[in-house]
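Close look at the chain arrangement
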Amino acid sequence: MFKKILIANRGEIAVRVIRACREMGIKAVAVYSEADRESMHVRLADEAYCIGPAPAKQSYLNSEALLTAARLSGAEAVHPGYGFLSENADFAETCVKNGFVFIGPPASAIRKLGYKSAGKALARETGVPVVPGTQGLVDEHFMKEAQAVGFPVMVKAASGGGGKGLRLVRDPKDLEEQLKLAQSEAKAAFGDGSVYIEKFIERPRHVEIQIASDNFGNAVAFPERDCTVQRRHQKLIEESPSPKVTPEIRAKMQEAARKLALAAKYSNVGTVEFLLDPDGNFYFIEVNTRLQVEHPVTESVTGLDLVNTQIRLAAGEKLPFDQARASEIHFHSIEHRINAEDPDNNFSPSPGKISELVLPGGCGVRLDTHLYAGYTVPSFYDSLIAKLIVFSSDRDHAIKRSLRALSELETSGIKTTRDFHKKVLSHKDFLSGNFDTSFVEKYFLPNSGR
Amino acid sequence: MNTEKIKEILAWVKTTDLTSVALKEKDSGFSFATSEHADQSFADMPPAHYQAVSAPAIGTFHWSRPGHPQKVEEGISLPAEETVGYIETLPGKTVPVKVSSSGKVARILVEDSSPVAYGQALIFIEPDGK
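Just so it is clear, the structure is predicted and the values come from calculations on it, not from any experiment.

**Notes on the environment of G81 of chain A**
Residues and elements named next belong to chain A. In this structure, G81 sits in the loop between β4 (77–79) and α4 (89–97). The exposure class of G81 is buried, given its relative accessible area of 3%. Between the C-alpha atoms of G81 and I103, which are 22 residues apart in sequence, the distance is 8.9 Å. Not counting chain neighbours up to four residues away, the residues in contact with G81 comprise N9, I13, S86, R290 and L291.

Next comes the structure, spelled out in structure tokens:
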């Protein structure tokens with residue numbers, strides 16, 4: 001096992017990894033930017049190195065500075081956390097070239113699964129369902145191709161993102177016009193007007209499967225996480241098990257995710273994301289080749305420690321549990337991402353000093369955070385300041401526990417999304433479990449223009 | 001910095017738990033410490049007009065490339081943009097350490113081949129004309 005690990009990240013996830021290291025008797029090395037000098041991960045680590053100025057590009061995204069800190073500290077392995085360089089195949093490769101173990105999948109698996117088009121191609125080869133669509137770009141035979149996919153369809157920009165070059169077409173007679181509009185929009189936004197067509201999945205839920213695999217050909221898939229509550233594709237609430245996934249669907253999704261992991265010769269942990277339609281059909285979207293923000297949901301449901309598992313797998317150990325154990329559902333768990341944002345002002349960031357802090361606790365409550373009273377939330381990074389995770393014997397009680405714990409959380413000095421979570425949680429559709437990915441925009445942000 | 005402003009700051013300091021305060025504003029400054037902390041505070045405080053040359057990267061500091069002797073000593077004068085040392089980051093990669101303005105080397109804070117963090121003060125320069 002490693003004696004020392006460098007954590008190439010900040011905030012709550014750096015704290016999470018340091019905690020896992022402590023429990024395993026591994027020394028933890030923190031890195032920080034000038035804006036994070038007073039951050040909790042710096043306080044908790046065994047050693048800490050300032051690697052650059054506040055902008056992430058010059059600090060947390062600076063692989064030369066990160067690996068120099070690893071060299072100076074004598075760390076043997078690098079944990080990338082999530083975000084920043086966690087899904088960067090070049091960084092994974094550079095770690096290995098410089099003699100450090102990258103705590104994540106090998107660069108080859110990141111390239112095979114992490115890049116959207118490559119992941120989809122592998123899913124098709126492996127027989128994992130993907131959203132039906134044209135195999136490549138559409139040309140003059142667009143109508144024939146769209147008919148084959150089946151209406152309603154989405155026209156999507158090949159070099160797309162952020163909703164640009166995206167058109168929903170329900171009626172075949174609108175296709176030609178919408179296709180042209182999408183092409184010119186894509187051309188203006190990305191300098192590339194090429195588009196493709198995909199089936200539009202009505203009222204989808206976002207459901208994902210956590211996987212873990214070792215270097216000995218073993219792979220397991222955990223119970224699903226339902227991340228349907230999103231705002232502008234940012235997850236807000238995640239829960240497990242999903243109120244709409246039956247044991248049959250779960251088994252099929254787990255099998256699909258395992259097949260993909262084995263086909264990509266994946267090792268370490270990862271997440272396979274799917275869209276689930278109201279009829280129980282699911283479609284592969286992409287793979288996140290790293291630890292997820294919402295990993296504590298799975299930890300709470302199964303009682304297994306995913307960060308501990310990651311480190312053991314990276315050290316070359318065999319998977320410490322089998323599929324039967326990974327599938328066990330002991331609790332219902334819900335996670336709330338608390339952001340330093342002002343929900344009344346279009347969720348604009350709300351950095352600043354936290355003058356007073358009261359943290360929730362009690363039975364079935366876990367709080368992953370880097371906050372302390374007197375801490376100043378810097379304006380340079382992601383606005384996630386805490387993850388409140390609850391678990392209980394059933395969904396109804398888990399919701400009550402969430403509401404109770406959210407009420408206990410107090411952060412004076414900054415605006416947070418705490419009350420927004422309480423509103424969402426109390427909505428009749430959330431309570432009944434009948435909602436899709438448009439839920440937040442539909443009921444809570446009616447003027448968001450979506 | 002005028003006397004009124006200093007008085008104002010000291011009055012505020014008395015309302016806090018602070019035992020020492022140092023302030024720098026353009027080319028003037030002052031430091032203050034309660035009696036039990038006075039010794040170390042004053043000893044460590046460089047004069048306000050000194051300029052720190054800090055590490056532009058994390059790494060191992062070298063005064064010179066291997067085989068070349070150290071040129072920088074306290075008291076010598078350096079032109080602006082002069083390279084005073086190198087920081088070795090990864091094997092075969094170095095970042096030069098440069099002086100931003102001309103002046104005399106007032107204090108050396110780092111030893112050859114020692115690890116330095118980003119932003120760490122390496123030497124103090126007394127800029128020309130002060």
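**Describing the sheet that holds strand β6 (residues 83–88) of chain B**
With antiparallel pairing, four strands are arranged side by side in an open sheet as β7-β6-β4-β9 (chain B). Where the open sheet ends on each side, the last strands, each with one partner, are β7 (94–98) and β9 (114–116) of chain B. Ignoring which end each strand starts from, the neighbouring axes of this sheet average 40 degrees apart. Most of the contacts of helix α3 (residues 63–73) of chain A go to strand β4 (residues 59–62) of chain B, to which it runs at about 80 degrees, and overall it touches β4, β6 and β9 of chain B.

**Let's talk about unusual backbone geometry**
Apart from glycine, the bulk of residues carry a negative phi angle, and the bulk of peptide bonds sit in the trans form. With an omega of -5 degrees, the peptide bond running from F151 of chain A to P152 of chain A counts as cis. Its identity is not glycine, yet E81 of chain B carries a phi of approximately 70 degrees, on the positive side. Looking at the element boundaries, E81 of chain B is found in the loop between β5 (77–78) and β6. Non-glycine residue S113 of chain B carries a positive phi angle of around 65 degrees. If you trace the backbone, S113 of chain B turns up in the loop between β8 (103–108) and β9. A relative accessible area of 42% means that S113 of chain B is categorised as partly exposed.

**Overview of the interface of chain B and chain A**
Each partner contributes residues to the interface: chain B has 13 residues there, and chain A has 14 residues. A per-residue breakdown of the area chain B buries against chain A is headed by I58, L90 and Y118 of chain B, which together make up 60% of the total. There are one salt bridge connecting chain B and chain A. The shortest N-O distance in the salt bridge between K93 of chain B and E64 of chain A comes to 3.9 Å. For the pair chain B and chain A, the number of links is five residue pairs in polar contact (both at pLDDT 80 or more). Listing elements by their share of the side of chain B that touches chain A, those giving two or more residues are β4 and β9 of chain B. Across the side of chain B that touches chain A, the residue classes break down as seven nonpolar, four polar and two charged.

**Looking at the packing of helix α5 (residues 107–114) of chain A against helix α6 (residues 116–126) of chain A**
All names here are of chain A. Two elements in contact, α5 and α6, have axes whose closest approach is 5 Å; the angle formed by their N-to-C orientations is 80 degrees. Relative to α6, the element α5 lies roughly perpendicular. Of α6, the residues touching α5 (which contributes R111, K112, L113 and G114) are K116, A118, G119 and L122. Each residue belonging to the contact of α5 with α6 can be placed in one class, and the counts come to three nonpolar, two polar and three charged.

**A word on the domain arrangement of chain A**
Each assigned domain of chain A is listed here: domain 1 (4–103), domain 2 (142–199) and domain 3 (205–443). The distance between the C-alpha centroids of domain 1 of chain A and domain 2 of chain A comes to 41 Å.

**Some details on the packing of α3 of chain A against α4 of chain A**
Residues and elements named next belong to chain A. One way to put it is that α3 packs onto α4 with a least axis distance of 11 Å and a crossing angle of 30 degrees. One way to sum up the angle between α3 and α4 is to call them roughly parallel. For the pair α3 and α4, the crossing hand works out as right-handed. Where α3 approaches α4, its residues S63, L66 and L67 are matched on the opposing element by F91, T94 and C95. Considering only residue class, the contact of α3 with α4 consists of four nonpolar, two polar and no charged.

About the criteria used
- Residues numbered from 1 in each chain as written.
- Chains lettered and ligands numbered in written order.
- Predicted model: local features only at pLDDT ≥ 70, side-chain atom pairs only at ≥ 80, totals over all residues.
- Heavy atoms only, no water.
- Helix = DSSP H or I, 4+ residues; strand = E, 2+ residues; numbered from the N terminus.
- Buried < 20%, exposed > 50% of the residue type's maximum accessible area, 1.4 Å probe, protein only.
- Contact = heavy atoms within 4.5 Å.
- Pairing = 2+ DSSP bridges.
- Axes fitted to C-alpha atoms, helices over the stretch in contact; angles between N-to-C directions.
- Buried area = accessible area lost by both parts, 1.4 Å probe.
- Salt bridge = Lys/Arg side-chain N within 4 Å of Asp/Glu carboxyl O.
- Polar contact = N/O pair within 3.5 Å; in protein donor to acceptor, adjacent residues only side chain to side chain.
- Nonpolar A, V, L, I, M, F, W, Y, C, P; charged D, E, K, R; others polar.
- Parallel < 35°, antiparallel > 145°, perpendicular 65-115°, else oblique.
- Domains from an automatic or database assignment.
- Left-handed = near helix turned anticlockwise from the far one by under 90°.

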